[in-house]
Amino acid sequence: MTIQQLLKTAPITTLLLASFIGLFIMQILTGVDANNPSTESLLNWGANALPYTMQEQPWRLVSSAFLHIGLMHLLFNGFAMYFFGQIAEPMFGSAKFLALFLLAAIGGNLLNSYVTWQDIIAGTGQPGISAGASGGIMGIGAALLIAALFKISVNGMVLNLKSLIFIMGINLVYGFAVPGIDNAGHIGGAITGLVIALAFAIGYRQRLAVALQNAAIQQRNFNPYQTSYQYSSQYSGQYSDQLNNQGHYDAEHNDQSPHLGTNSTEQDTAFNDHDLNTPNTHRDTANSVTDIHSSLDNSAAHNSSIKPKALKKASFIWQLLPWIVTLLISIGFVWWWQDIHQQILQVLKAIE
């Protein structure tokens, strides 16, 4: 996929990749080592660090997601964002995708700070720094897992659940096997992505159910009944047979009339009665056909009076559900930051 195609399909993904690369280039131009940046330079460029993030600089929860520790770190996260983003952004929408990435990154950094703080209290850890888009990317990957589980399609294709589980599993195992990887950031980002995507999937399922019901209603309204009638050939056939038989009988009667004896008058009278009854049969047949037409017209008039069933509307709450959950998560993150912040202040006051 070219840059133009990526920009058209997934504009937020393109902008995120451009911001990662642009920030890294700016670091290099200011003298930061491309492979092993120093702790001081990382702090200057917005890395996540407990003493700073949980004190007066909470913006590091976001800025650290755009900062990478060396070229290989950037390449790894850049490729992951490229492959996940071009699928997830068209599926969730650009606005939800951006909110998903940012909240997953914040959730990962908050969990990292919380774990670090708990280790410091327990005397088993010390403050460190973390940076990278891994938390946000893990959130996107977890969201795609939910999409595959709920069989949400993108461009007519359904994601492979087993493949996504395999990829996410490799990332988590790699994080625990290799030292220096922010496992808390990965797990926090993944959990955040799962919760947001679950709200999106539930709303998607509810809207899809209403859409299928409306499709069935439209089909019934368009073709409410289907009936075929067979009567004309039957009656016309009977009438033709009667006429043919009558004509054959009349011909025989005319041929034999010169040879008739004393009973000729009675026979003529019988034949005349038969000739008189034949139009009555025709008339009865015509009346029967007319009655059938009248019955059909009444039936059609009755069916035309049936009003089409109204289409259902999906509840607006299902469209708002992902944003409601996003808002609740944001409020929860603010409370979480405040809680850790107050704990740090209390410890510092006790030390003084």
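Residues numbered from 1 in each chain as written. Predicted model: local features only at pLDDT ≥ 70, side-chain atom pairs only at ≥ 80, totals over all residues. Heavy atoms only, no water.

**Q** Looking at this structure, how should I read the side chain of Thr-13?
**A** By secondary structure assignment, the location of Thr-13 is in helix H2 (residues 11-29). Residues within four places of Thr-13 in sequence aside, it is in contact with Met-81, Gly-85, Gln-86, Glu-89 and Phe-97. (Helix = DSSP H or I, 4+ residues; strand = E, 2+ residues; numbered from the N terminus. Contact = heavy atoms within 4.5 Å.)

**Q** Before we go on, may I ask you to explain the packing of aromatic side chains in this structure?
**A** Within a pair of aromatic rings, the relevant descriptors are the distance that separates the centres and the angle that separates the planes. Scanning all chains against the criterion turns up 6 aromatic pairs. Summarising the aromatic geometry, the rings of Tyr-82 and Phe-83 are spaced 5.1 Å apart at their centres and angled 75° between planes, so their arrangement reads as edge-to-face. Plain terms: the ring middles of Phe-92 and Phe-200 are 4.8 Å apart, the flat faces sit at 70° to each other, and that makes the pair edge-to-face. Of the two residues, Phe-92 sits in helix H6 (residues 71-92) while Phe-200 sits in helix H10 (residues 183-222), which places them 108 residues apart along the sequence. On the basis of relative accessible area, Phe-92 is assigned to the buried category, the value being 6%. Following the ring pairs from residue to residue traces out a cluster consisting of Phe-20, Phe-66 and Phe-101. Sitting over the ring of Tyr-52, Arg-60 keeps its end group 5.0 Å from the ring centre. (Phe/Tyr/Trp six-rings, centres within 6.5 Å; stacked < 30°, edge-to-face > 60°. Buried < 20%, exposed > 50% of the residue type's maximum accessible area, 1.4 Å probe, protein only. Lys NZ or Arg CZ within 6 Å of the ring centre and 35° of its normal.)

**Q** Quick question: what am I supposed to make of helix H13 (residues 316-351) here?
**A** Owing to its 3.6 residues per turn, the α-helix brings residues three or four apart onto one side. Spanning 36 residues, H13 covers 53 Å between terminal C-alpha atoms, matching the ideal 52 Å at 1.5 Å per step. The principal kink in H13, of about 35°, is found at Pro-322. Leu-321, Pro-322, Val-325, Thr-326, Ile-329, Phe-333, Trp-336, Trp-337, Ile-340, His-341 and Ile-344 are the residues of H13 that are buried. (Expected span 1.5 Å × (residues − 1). Bend = angle between axes of the 7 residues up to and from the residue.)

**Q** Quick question: what am I supposed to make of the packing of H2 against helix H7 (residues 94-122) here?
**A** The description of two packed helices rests on the angle between their axes and on the distance between the axes. One way to put it is that H2 packs onto H7 with a least axis distance of 9 Å and a crossing angle of 40°. For the element pair H2 / H7, the angle class is oblique. Residue-level inspection shows Pro-11, Ile-12, Thr-13, Leu-16 and Phe-20 of H2 in contact with H7, the latter providing Ser-94, Phe-97, Leu-98 and Phe-101. Tallied by class, the residues present in the contact of H2 with H7 amount to 7 nonpolar, 2 polar and no charged. (Axes fitted to C-alpha atoms, helices over the stretch in contact; angles between N-to-C directions. Parallel < 35°, antiparallel > 145°, perpendicular 65-115°, else oblique. Nonpolar A, V, L, I, M, F, W, Y, C, P; charged D, E, K, R; others polar.)

**Q** Looking at this structure, how should I read a nonpolar patch on the surface?
**A** Residues Phe-316, Ile-317, Leu-320, Trp-323, Ile-324, Leu-327, Leu-328 and Ile-331 make up a contiguous nonpolar surface patch of roughly 750 Å² in combined accessible area. As for its position among the elements, Trp-323 is in helix H13. (Patch = residues over 30% accessible without salt bridge, like charges linked within 9 Å, V, L, I, M, F, W, Y side chains within 5 Å. Areas by Shrake-Rupley, 256 points an atom, 1.4 Å probe, with all protein chains shown as cover. Salt bridge = Lys/Arg side-chain N within 4 Å of Asp/Glu carboxyl O.)

**Q** Explain unusual backbone geometry here, please?
**A** Despite not being glycine, Lys-151 has its phi angle at roughly 60°, a positive value. Looking at where Lys-151 falls in the secondary structure, it is placed in the loop between helix H8 (134-149) and strand E3 (153-154). Residue Lys-151 is classed as exposed on the basis of its relative accessible area of 59%.

**Q** Help me out: how do you make sense of the environment of Asn-77 in this one?
**A** Within the element layout of this structure, Asn-77 appears in helix H6. In this structure Asn-77 comes out as buried when scored by relative accessible area, which is 2%. For the pair Asn-77 and Ser-134, spaced 57 residues apart in sequence, the C-alpha separation works out to 6.5 Å. If sequence neighbours within four positions are ignored, Asn-77 has contacts with His-68, Gly-132, Ala-133, Ser-134 and Ile-137. Within the structure, Asn-77 has its side chain in polar contact with the side chain of His-68 (distance 3.2 Å). (Polar contact = N/O pair within 3.5 Å; in protein donor to acceptor, adjacent residues only side chain to side chain.)

**Q** Just to check I follow, could you spell out H7 for this structure?
**A** Helix length check: H7 (29 residues) gives 42 Å between terminal C-alpha atoms against 42 Å at 1.5 Å per residue, within 8%. Gly-123 sits one or two positions beyond H7 and adopts a positive phi of about 75°.

**Q** I'm lost on the nonpolar core in this one. Help?
**A** Judged by nonpolar contacts, the single largest core of 58 residues is most densely connected at Phe-20, Met-81, Phe-92, Phe-101, Leu-110, Ile-140 and Leu-144. No other element matches the 10 residues that H8 contributes to this core. Residues contacting Ile-140, with those up to four places away along its chain left out, are Met-81, Phe-84, Ala-88, Phe-97, Leu-100 and Phe-101. One finds Leu-23, Leu-42, Leu-67 and Ala-131 within the second-largest nonpolar core, a separate group that totals 5 residues. (Core = buried A, V, L, I, M, F, W, Y, C linked by side-chain atoms within 4.5 Å.)

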